[in-house]
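Remarks on the overall topology
Take a look at the letters that make up each chain.
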Amino acid sequence: MKVLLTISLLFLNFFVDAQNKDVKNWLNQNSINLEKVNVNEEFRIDGNLLSQEFRNAKIFGFGEATHHNKEFFDLKSIFFKYLLLNQGVKIFVLEESFGATHYINEYINGKGSNLRNLIKDLRQHIWKTEEMYTLIEWMKNYNCYQPSNNRIYFYGNDCMFNYRLASIIKEKLQECKIATDEQQNEVLEYFSTEIFSLKDYSSFDNSTISQARKLVSTIKSNSNANSDLIMVVESFSNYLDFLVNPTQITRDKCMATLIEKIHEKSGGKIFIWAHNEHIKKTSLFKENVPSMGNLLSKKYSSNYYSMGFEFGIGTLLGYNQKEKKWENNVLNEPVKNSNSEFLFTAEPEVFYFDFNIAKLNLSMKNFIEQKRDYVVIGGYGFNPKYVKFQIASEKYSEMYDGLIYVKKLTRSTPLQ
């Protein structure tokens, strides 16, 4: 019996080693090598290397395995430009407040003059980088030479913030020549203050939510309301939902809903920049509730393309809760027994592979459809002491349509 067991284990190990070798060979020979791609140069690629699903998609979710690293910023900038110039993707959506991105949208369309201040006004510190500044400047320069129907538009779809929403609603109401009564003005004045949670607002009255929802309904039903007004009111409505029920299920549902509204309004193709957890097609890691990408995938099917990101080693930002400060943490080797550890053995330093193309190879198909470990690093960054709490296990084939892998990460550059 022991002999049979030993033979079985040897055979299994031989089979696994052979499959792993085939996977590495396929990646070395068939993945798209991104090592020498420069963010300041136009990205060119043979369209035959891209799957039909990638070329036909209308909504692209581009993730990131951690929020604070230069390579992910640069690669997403490169792919956004490629999709803009080659596939007509004109709408850029960031995991950020609608109110803060509204003025960035105006900036790239010729209004406003101080981009650094606008980026400093973003509610998420993770986007306040020189890499984001460079991308937005590129967008503005692009728009300068385009007719209005061919310009880039910039939106935020995160519902956690009411930053500037009330003032934007007031502006748009005036533009649409829609009058408001005293009670409606009181609601807008009430929400002019930035409110992060009901607990933080001592004078909160539940009836205020009812009045705010009534205001939303009234504006949306007004025949003079244009699409810009409707969009900010939708964002305000999503914020109210989150304020009342501040959970991840509410957040991702509202993020997906606003993408749907933007798509309905424009009919255009959309590029979403967010964390892997939001753009993947499965459920959120800890909460086990549908992600934004899950909801978009169900609604748009193959018209939604999810691009995951992973990495091997590098310098990662993390928040030290004990000392209440941000600090750099160095990961010197990939996390053991993870996807990252295996992909780290491939030859290219940076590469992309599409799952629909990869599945044509049996070993790759088996690899993608196996349940494997990966690392989840959220807004508080990476702390080597707590790695075991940041490991999830899923099948690539269910999470994404493609993956970009970076062997070594460096820190993004803080905005000056």
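Residues numbered from 1 in each chain as written. Predicted model: local features only at pLDDT ≥ 70, side-chain atom pairs only at ≥ 80, totals over all residues. Heavy atoms only, no water.

**Brief notes about the packing of helix H8 (residues 182-190) against helix H9 (residues 206-220)**
The condition is simple: Helix axes use the C-alpha atoms of the stretch in contact, all axes being lines fitted to C-alpha atoms, and the angles between their N-to-C directions lie in the range 0 to 180 degrees. Helix and strand assignments follow DSSP, with helices taken as H or I runs no shorter than four residues and strands as E runs no shorter than two, numbered in order from the N terminus. For this classification, under 35 degrees means roughly parallel, over 145 means roughly antiparallel, 65 to 115 means roughly perpendicular, and everything else is oblique. Should the near helix be turned anticlockwise from the far one by less than a right angle, the crossing is termed left-handed; should it be turned clockwise, right-handed. Residues count as neighbours in contact if any of their non-hydrogen atoms are within 4.5 Å of one another. All amino acids are sorted into three groups, where Ala, Val, Leu, Ile, Met, Phe, Trp, Tyr, Cys and Pro are nonpolar, Asp, Glu, Lys and Arg are charged, and the leftover types, Gly among them, are polar.
One can describe the packing of H8 onto H9 by two numbers: an axis separation of 10 Å at closest approach and a directional angle of 110°. The orientation of H8 relative to H9 falls into the category roughly perpendicular. Read as a crossing pair, H8 and H9 show a hand that is left-handed. For the pair formed by H8 and H9, the contact residues are Gln183, Gln184, Val187, Leu188 and Tyr190 on the first element and Thr208, Gln211, Ala212, Leu215 and Thr218 on the second. For the contact of H8 with H9, the class distribution of residues is five nonpolar, five polar and no charged.

**Concerning the state of the cysteines**
Note the cut-off: The term disulfide is used for any two cysteine sulfur atoms that are within 2.5 Å. The classification of residues rests on relative accessible area computed with a 1.4 Å probe and restricted to protein chains. Under 20% of the type maximum is buried, over 50% is exposed, and intermediate values are partly exposed.
Considering all chains together, one arrives at zero disulfides under this definition. Unpaired in terms of disulfides, Cys254 finds its nearest cysteine sulfur in Cys159, a separation of 4.3 Å. Looking at Cys254, the relative accessible area reads 4%, which means it is buried.

**Some details on helix H7 (residues 165-175)**
For the record, the criterion: In this context, the arc is that of the directions from the helix axis out to the C-beta atoms.
For H7, the full list of buried residues reads Leu165, Ala166, Ile168, Ile169, Lys172 and Leu173. Along the axis of H7, the buried positions cluster into a sector of 160°, meaning they face one direction only. On its buried face, H7 sits against helix H4 (98-108), H8, H9 and helix H10 (227-244). Phi for Lys177, located one or two positions after H7, is positive at around 55°.

**A short note on H10**
How we decide: Every helix has an expected span of 1.5 Å times one less than the residues it contains. Polar contact criterion, stated in full: a pair of N or O atoms within 3.5 Å, where within protein one must be able to donate a hydrogen and the other to accept it, and residues adjacent in sequence count only if both atoms are side-chain atoms.
Between its first and last C-alpha atoms H10 spans 26 Å; for 18 residues at 1.5 Å apiece the expected length is 26 Å, and the two agree. With 13 of its 18 residues buried, H10 lies for the most part within the structure. Between a side-chain oxygen at the N-terminus of H10 and the backbone nitrogen of Asp228 the separation is 3.2 Å; the capping residue is Asn226.

**Some words on the environment of Leu49**
Structurally, the position occupied by Leu49 is in the loop between strand E1 (32-33) and helix H2 (52-56). Remark: the alpha-carbon pair of Leu49 and Asp354, spanning 305 residues in sequence, is separated by 8.8 Å. In this structure Leu49 touches Ile32 and Ile357, once residues within four positions along its chain are discounted.

**Let's talk about the packing of aromatic side chains**
How two aromatic rings sit relative to each other is set out by the distance from centre to centre and by the angle between their planes. Note the threshold: Any two rings among Phe, Tyr and Trp, with Trp reduced to its six-membered ring, count as a pair given centres within 6.5 Å; such a pair is stacked if its planes are under 30 degrees apart, edge-to-face if over 60, and tilted if neither. Note on criteria: charge over ring means Lys NZ or Arg CZ within 6 Å of the ring centre, with the direction from the centre no more than 35 degrees off the ring normal.
On inspection of all chains with the given rule, the structure shows 35 aromatic pairs. Between the aromatic rings of Phe351 and Phe353, the centroid separation amounts to 6.3 Å while the plane-to-plane angle is 25°, which identifies the pairing as stacked. According to the relative accessible area criterion, Phe351 is buried, its value standing at 0%. Take Phe353: its relative accessible area is 1%, and that puts it in the buried class. Its guanidinium or amino end placed over the ring of Phe344, Lys407 lies 5.5 Å from that ring's centre, counting from NZ or CZ.

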